[in-house]
Amino acid sequence: MKDYFFQDNVGKPMDRVDGRLKVTGAAKYSAEYELPNMAYGVLVGSTITKGRIKSIDTKAAERAPGVIAVLHYQNAPKVPGYIQAAHPTEPKPVGQPHRVFYDDKVYFNDQPIAIVVADTLERARYAARLVKAQYEEDKHATDFLKHQSKAILPTHAQRNPKHYLNDYVKGKEDAYKGEPLKVEGEYVIPTEFHNPIELQAIVAHWEADNRLTVYDKTQAVIGTQNAFAKEWNIPVENVKVIATFVGGAFGNGLHTWPHETAAIIAAKKVNRPVKVMLTREQMFTMVGYRPFAWQKMGMSATKDGKITAITHEAIGQTSSYEEFTESVLQQTRMMYTSPNITTRYRILPLDVSTPIWMRGPGEATGAFALESAMDEMAYVLKMDPLEFRIKNHTDRDPERDLPWSTKYLTEAMQMGAEKIGWKNRKLEPGTVRNGEWLVGYGMGVGTFGSHRNRASARAVLRSDGTVLIQSATTDIGPGTGTAMVQIAADALGMDPSKITFELGSSLFPPAPSQGGSATVASVGSAVQAACNSLKKKLATMASGNAESSFKGAKYEDLAFKDGQVSLANAPNTKLSLTDILKQQRLPELEATEESKPDNPERNKYSMYSFSVHFAEVQVHPLTGQVRVTKLVSCADAGKIVNKKTAGNQMIGGAVGGIGMALTEGAVIDDRFGRYVTKDFAEYHVPVHADSPNIEVAFVDKPDFIGNPLGTKGIGEIATIGVAPAIANAIFNATGKRIRELPITPDKLI
């Protein structure tokens, strides 16, 4: 008997197992927990961008009704230690994450300088407005383009010449400059904010001096547990983290932020549970963002369309107190065949808060420049952009000189081209119209590493024939619980309705953060392993029973289906799983397994997920209005566990890409270092009116080298490549090449 799928449930478009809880309001999110004697905390932010606090006047706030405490750097309990957090696919940052209430220094505008704790939220909000601070202000720097020349090589790269963030040269450096057929351009992506519907929130409760429980909005239950244990120098098992439901997160839940530590400090001081929920405005200043980035592309090719050289330079924004880096240049190094490739990455420290990984971290930024340049080069060559990409397709990873574990990108391109109606595209811009609207078609390719991390899961078969699966992962929206139920159902040969998956608690077997498009590969492999272990225990019990027809049967001779075990060569010889428990006089049977990415074959291959996005747009030549009228997203992401939730993932990522291309962009008033865009009135996320019906297609071919499920990640590639597809379509419609996002009407008039 094989330990992987029967293919009865995996691959089906199954409804979300927690869907009813969410639509009826029964699902409980971090801010909805109510504990006895609860207090409420509201943060007070700095009104300057750089300098030091000369004094804080809290008297009026302390006298306000219901106020329990007003804490700041002078009177707050000191945190024994701080921890650096890392994204699952990125190195630890250099520098010190912001230490809330640590000293009098101000590093960014709206930095938390105090927390007011009161017996109601309304009273805490009122009193917070009464806190007044005086500052000694320093000259700040927030204008990226003005200070661009001060960008530096990241410290990791300075210390290690072999670090991937270092300058990379394959062949001749900047070889495109000497070629006759070339393109060159600069690209700008503004700061973008995550802005999930659920605001960041935490309930902190010290159950004892060294025992902490938090109900937190986080993508990393175990990571958060470890972070707080180290911050407070207490045993990790004494920290309990609950994050059963997370109302959307696109990277901002991968870090422990100042508001979380502030709530824990306050709970320690007042000796009662404290709830802190950020305002929408604070979501723009306190919990990370996609960093502002400048890029320059140079590319050359032969007349028949073979790329001869690519140079890609990038500068990303970081804070003055902590180095943040991301993989902006990775796709350029491995996506297309070229004998000469040069990449250079720098970071620019400014007086802003630290960025954080945002969906498609780094790669979405880099793909905008690379995929736009590919379109520009194809136009210079008078070649179809799809044909140009296929002509420069790589059959093995050119950076690592390894074969791909699997790669069906060309197949995905052909699927998408047919669905979008690529044959209707004309090479010359502005030649297709729909009435007074100009019509254009564009495409963009995306890729992200196919990762798998260590994870554990527990499977419990109960006497009523139901199965409980537990793992300390989270679900930030993709339908993790549903996928795990499907995986378990296939592994056990059971009806999914008899399986429950519990997640979001540090009391469960450890699992990595939900990030880096690795959850199904990591946690799913652990769920499968736990279920297989459960089956082996059941098989041993059945074959060891002298009165059973299964006596002496080997595990390989058995089949598990419909809650029963049978002999493979005698299907009518069956025994229900509950009967096995009864024979053994067991109320339940448990198996806990850890799954590791320890397959030595992995090292022989390069493993990536791939996507390609096709956009049809209409542009009004008089007003500059852009409508995305059709979008097709195709993914080569291994075996698709649930086509419905995976399709939702792709659609959500594509909508994020529409925002990146057309609507989203932070505006900062550099005179004060303060964001002007700090709510949904000024910062425009795409809504239904901005989004067409988005068609999704999957190649759906497994990659068993990466993990035993054959899956690869979807979350990041759903966004990577969408923005350039739309920008390229706008060029095809108008002949105007816009290299600074978002592409607003004023840039097209």
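Preceding this section is the structure that the text describes.
I will try to describe carefully the structure that is included in this document. Source: prediction; values computed, not measured.

Let's talk about the overall build of the protein
- Regarding its fold elements, the protein presents 16 helices and 33 strands.
- Here the C-alpha atoms of the protein give a radius of gyration of 27 Å, agreeing with the 27 Å that 2.2 N^0.38 yields for 749 residues.
- If you line up the protein on its principal axes, its C-alpha atoms span 85 × 75 × 55 Å.
- Within the protein, buried positions represent 63% of all 749 residues.
- Total accessible area on the protein is roughly 28,500 Å²; 49% of this is exposed by carbon and sulfur atoms.
- Here the protein contributes 87 positive and 83 negative side-chain charges, whose respective centroids are spaced 1 Å apart.

So, the sheet that holds strand 24 (residues 499-502)
- Strands sit in the order 24-23-22-28 across an open sheet of four strands; the sheet is mixed. Since the sheet does not close on itself, it has two edges, and those belong to strand 24 and strand 28 (588-595), each with one partner. Direction aside, neighbouring strands of the sheet carry axes that sit 15° apart on average.
- In terms of strand pairing, strand 23 (residues 467-470) meets strand 24 through four bridges, oriented parallel. In the sheet register, Ile469 faces strand 24, and the bridge partner there is Phe501.

Quick look at the packing of aromatic side chains
- Enumeration according to the criterion identifies 18 aromatic pairs in this entry.
- Judged by centre distance (5.1 Å) and plane angle (80°), the rings of Tyr379 and Phe731 are edge-to-face. Highlighted residues: Tyr379 in helix 9 (residues 363-380) and Phe731 in helix 16 (residues 722-734), separated in sequence by 352 residues.
- By relative accessible area, which is 30% here, Tyr379 ends up partly exposed.
- Through pairs of rings, three or more aromatic residues link up here, namely Phe193, Phe284, Tyr289, Tyr675 and Tyr683.

Topic: the pattern of salt bridges
- Scanning all chains against the criterion turns up 28 salt bridges.
- With a shortest N-O distance of 3.5 Å, Lys22 and Asp18 are connected by a salt bridge.
- Its relative accessible area of 28% is what places Lys22 among the partly exposed residues.
- Where Glu173 meets Arg344, a salt bridge forms, and the shortest distance between an N and an O atom there is 2.9 Å. Taken together, the residues span a long stretch of sequence, with Glu173 in the loop between strand 8 (168-170) and strand 9 (182-189) and Arg344 in strand 17 (residues 340-350) at a distance of 171 residues.
- Overall, Glu173 belongs to the partly exposed group, its relative accessible area being 45%.
- Given a relative accessible area of 14%, Arg344 falls into the buried group.

Remarks on the sheet that holds strand 20 (residues 433-434)
- A sheet is described by the order of its strands in space; here five strands give the open sequence 20-21-29-30-33, paired in mixed fashion. Because the sheet does not close on itself, it has two edges, and the strands there are strand 20 and strand 33 (694-698).
- Lying on the sheet, helix 15 (residues 643-663) is in contact with strand 29 (608-619), strand 30 (626-636) and strand 33; it crosses strand 33 at an angle near 130°.

So, unusual backbone geometry
- Put simply, Leu741 and Pro742 share a cis peptide bond, and its omega is -10°.
- For Pro742, the position within the fold is in the segment after helix 16.
- With phi around 70°, Asp110 is a residue other than glycine that occupies positive phi space.
- Here Asp110 shows up in the loop between strand 5 (105-106) and strand 6 (112-118).
- By relative accessible area, which is 14% here, Asp110 ends up buried.
- Phi is positive for Asp562, close to 55°, though the residue is something other than glycine.
- Here Asp562 shows up in the loop between strand 25 (558-561) and strand 26 (564-567).
- Classification of Asp562 as exposed rests on a relative accessible area of 62%.

Structural notes on the nonpolar core
- Met299, Val612, Val617, Leu662, Ile726 and Ile730 are the most contacted members of the largest nonpolar core, which totals 80 residues.
- Ignoring anything within four residues of it in the chain, the contact list for Met299 reads Tyr176, Leu181, Lys182, Val183, Ile307, Ala309, Ile310, Leu370, Ala373, Met374 and Met377.
- Residues Val214, Ala263, Ile265 and Ala472 belong to the second largest nonpolar core, which totals 48 residues.

Digging into the environment of Pro154
- With respect to the secondary-structure elements, Pro154 resides in the loop between strand 7 (132-137) and helix 4 (155-159).
- The spacing of Pro154 and Tyr345 is 191 residues in sequence and 8.1 Å in space, taken between C-alpha atoms.
- Ignoring sequence-local partners within four residues, the contact set of Pro154 consists of Leu165, Glu323, Thr325, Tyr345, Arg346 and Ile347.

Re the packing of helix 5 (residues 221-232) against helix 6 (residues 258-270)
- For the pair helix 5 and helix 6, the least separation of the axes is 12 Å and the interaxial angle reads 50°. With respect to helix 6, the element helix 5 is oriented oblique. The handedness of the crossing between helix 5 and helix 6 comes out as right-handed. Residues Phe228, Glu231 and Trp232 of helix 5 form the contact with helix 6, whose participating residues are Glu260, Thr261, Ile264, Ile265 and Lys268.
- The residue makeup of the contact of helix 5 with helix 6, split by class, is four nonpolar, one polar and three charged.

A short note on helix 9
- Here helix 9 is 18 residues long and its end C-alpha atoms lie 25 Å apart, about the 26 Å a rise of 1.5 Å per residue gives.
- Helix 9 sits mainly inside the fold: 16 of its 18 residues count as buried.
- One or two residues past the end of helix 9 sits Lys382, with phi positive at roughly 55°.

Some details on the side chain of Arg280
- Within the element layout of this structure, Arg280 appears in helix 7 (residues 280-283).
- Of the side chains with opposite charge, Asp679 comes closest to the buried, unpaired Arg280, at an N-O distance of 9.1 Å.
- Once residues lying within four places of it in the same chain are set aside, the contact partners of Arg280 are Asn195, Pro196, Ile197, Leu199, Lys678 and Phe680.

The rules behind each value
- Residues numbered from 1 in each chain as written.
- Predicted model: local features only at pLDDT ≥ 70, side-chain atom pairs only at ≥ 80, totals over all residues.
- Heavy atoms only, no water.
- Helix = DSSP H or I, 4+ residues; strand = E, 2+ residues; numbered from the N terminus.
- Rg over C-alpha atoms; globule rule 2.2 N^0.38 Å.
- Buried < 20%, exposed > 50% of the residue type's maximum accessible area, 1.4 Å probe, protein only.
- Areas by Shrake-Rupley, 256 points an atom, 1.4 Å probe, with all protein chains shown as cover.
- Lys, Arg positive; Asp, Glu negative; His and termini not counted.
- Charge placed at Lys NZ, Arg CZ, Asp CG, Glu CD.
- Pairing = 2+ DSSP bridges.
- Axes fitted to C-alpha atoms, helices over the stretch in contact; angles between N-to-C directions.
- Phe/Tyr/Trp six-rings, centres within 6.5 Å; stacked < 30°, edge-to-face > 60°.
- Salt bridge = Lys/Arg side-chain N within 4 Å of Asp/Glu carboxyl O.
- Contact = heavy atoms within 4.5 Å.
- Core = buried A, V, L, I, M, F, W, Y, C linked by side-chain atoms within 4.5 Å.
- Parallel < 35°, antiparallel > 145°, perpendicular 65-115°, else oblique.
- Left-handed = near helix turned anticlockwise from the far one by under 90°.
- Nonpolar A, V, L, I, M, F, W, Y, C, P; charged D, E, K, R; others polar.
- Expected span 1.5 Å × (residues − 1).

Any functional reading would require information beyond the geometric quantities listed.
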